[in-house]
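Listed below, chain by chain, are the residues.
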Amino acid sequence: ESWFEETRTHFLKQGFHIVKSTRDDVTLERRSASGVVWRLALTRDEAADRAETLGDPTIDIVMHRGHIYHLDKTFVANSPEAATPKLLIGGACGAYGKMTAPSFMDAFSKHDLIADADISHGAVNNDLILEVFRSLENRPTTWDQANLKRFEKQGIVFPNQMPSIVENYRRIIDEQRGKLVS
């Protein structure tokens, strides 16, 4: 899997430095001009505890980079840790479909979601996460203010584009629950 080394190299070229590194993990950091520390942890370790990552209050963004069939290893459903709201980014081919499926929405509906709707590209994901860091530092109050529109042309779907889907899902679930109660 070349994504690991490509991603590591990309962020080193963007001014990040290595804080910790093993064969399967690397933690990179960069201090922004305003003093905010951006930390990026990459892992290709299959045994890494993703539920712990989802529950870590010091982590605000969790991104899946890899094949879609591994998405559930990054976003571990049915764990109490999954209740800690985060920005979840699906950087895999077709992640949008999987992340808006009822089973995923049941587990992660309290989170903001960014997902790739078509063929995912590592370079796009690398640029996306860097721009998310930059945009959030400016403290936008809406996703439209986050200056990420250019990624829409590359198949990225943002939280401001998902509310109707999420709302529709919640309406269907509420209707089903109502039928079960009646």
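Please read all numbers here as calculations on a predicted model, not as lab measurements. (Residues numbered from 1 in each chain as written. Predicted model: local features only at pLDDT ≥ 70, side-chain atom pairs only at ≥ 80, totals over all residues. Heavy atoms only, no water.)

Asker: Could you give me a rundown of the environment of Ala115, with the residues and numbers involved?
Answerer: You can see Ala115 is positioned in strand S6 (residues 112-116). Judged by relative accessible area, which is 1%, Ala115 ranks as buried. When the C-alpha atoms of Ala115 and Ile156 are compared, they prove to be 5.6 Å apart, with 41 residues separating the residues in sequence. (Helix = DSSP H or I, 4+ residues; strand = E, 2+ residues; numbered from the N terminus. Buried < 20%, exposed > 50% of the residue type's maximum accessible area, 1.4 Å probe, protein only.)

Asker: Explain the side chain of Thr27 residue by residue, including any values.
Answerer: Locating Thr27 in the fold gives a position in strand S2 (residues 25-31). Take Thr27: its relative accessible area is 15%, and that puts it in the buried class. Residues in contact with Thr27, not counting those within four places in the same chain, are His17, Ile18, Val19, Lys20, Arg39, Leu40 and Ala41. (Contact = heavy atoms within 4.5 Å.)

Asker: Tell me what's going on with helix H6 (residues 122-137), and back it up with residues and numbers.
Answerer: If you check H6, its first and last C-alpha atoms are 23 Å apart, about what 16 residues at 1.5 Å a residue would give, namely 22 Å. Those residues of H6 that fall on the buried side of the exposure criterion are Val124, Asn125, Asn126, Leu128, Ile129, Leu130, Glu131, Val132, Phe133 and Ser135. Positive phi appears at Arg139, one or two residues downstream of H6, with a value of about 55°. (Expected span 1.5 Å × (residues − 1).)

Asker: Kindly report on the layout of surface pockets, identifying the contributing residues and their values.
Answerer: Considering only enclosed or pocket space, the largest pocket measures out at about 1,600 Å³ in volume. Residue assignment for the lining of the largest pocket shows that the elements contributing at least two residues are helix H1 (3-13), S2, strand S3 (37-43), helix H2 (50-55), strand S4 (61-65), helix H3 (71-74) and H6. Element by element, the count of residues in the lining of the largest pocket is highest for S3, at seven residues. A class-by-class count of the residues in the lining of the largest pocket yields 19 nonpolar, 12 polar and 18 charged. Taken as a whole, the second largest pocket spans an internal volume of roughly 250 Å³. Along the walls of the second largest pocket sit 15 residues, with Trp3, Arg65, Gly66, His67 and Gly91 positioned nearest its centre. Of all elements in the fold, only H1 and H6 reach the threshold of two or more residues within the lining of the second largest pocket. Looking at the lining of the second largest pocket residue by residue, the class counts come to four nonpolar, eight polar and three charged. (1 Å grid on protein atoms, 1.4 Å probe; cavity = no way out; pocket = protein on both sides within 12 Å on 5 of 7 lines; lining within 4 Å. Points joined across faces, edges and corners; volume = space filled by probe spheres on them. Nonpolar A, V, L, I, M, F, W, Y, C, P; charged D, E, K, R; others polar.)

Asker: Requested: an account of the sheet that holds S3, with residues and values cited.
Answerer: A sheet is described by the order of its strands in space; here three strands give the open sequence S1-S2-S3, paired in antiparallel fashion. With one partner strand each, in any of the chains shown, strand S1 (17-21) and S3 form the two edges of the open sheet. Averaged over neighbouring strand pairs, the angle between their axes works out to 20° when direction is ignored. Direction of pairing for S2 relative to S3: antiparallel, over a ladder of seven bridges. Looking at the pairing, Glu29 lines up with Arg39 of S3. Together, S2 and S3 form the strand contacts of H6, whose direction differs from that of S3 by roughly 155°. (Pairing = 2+ DSSP bridges. Axes fitted to C-alpha atoms, helices over the stretch in contact; angles between N-to-C directions.)

Asker: Got a sec to walk through H1? Specific residues and values, please.
Answerer: Listed in full, the buried residues belonging to H1 are Trp3, Phe4, Thr7, His10 and Phe11. The buried residues of H1 all sit within an arc of 135° when viewed along its axis, so they share a single face. Summarising the contacts, the buried residues of H1 are in contact with S2, S3, S4 and H6. The first or second residue beyond H1 is Gly15, which carries a positive phi of 95°. (Arc of directions from axis to C-beta.)

Asker: Before we move on, can you summarise the sheet that holds strand S5 (residues 87-91) with the specific residues and values?
Answerer: Pairing in this open sheet of four strands is mixed, and the strands run S4-S5-S6-S7 from one edge to the other. Taken across any chain shown, the strands that pair with only one partner, and hence form the sheet edges, are S4 and strand S7 (156-157). As paired elements, S5 and S6 share four bridges and run parallel to each other. Residue pairing for S6: Gly90 is matched across the bridge by Ala115.

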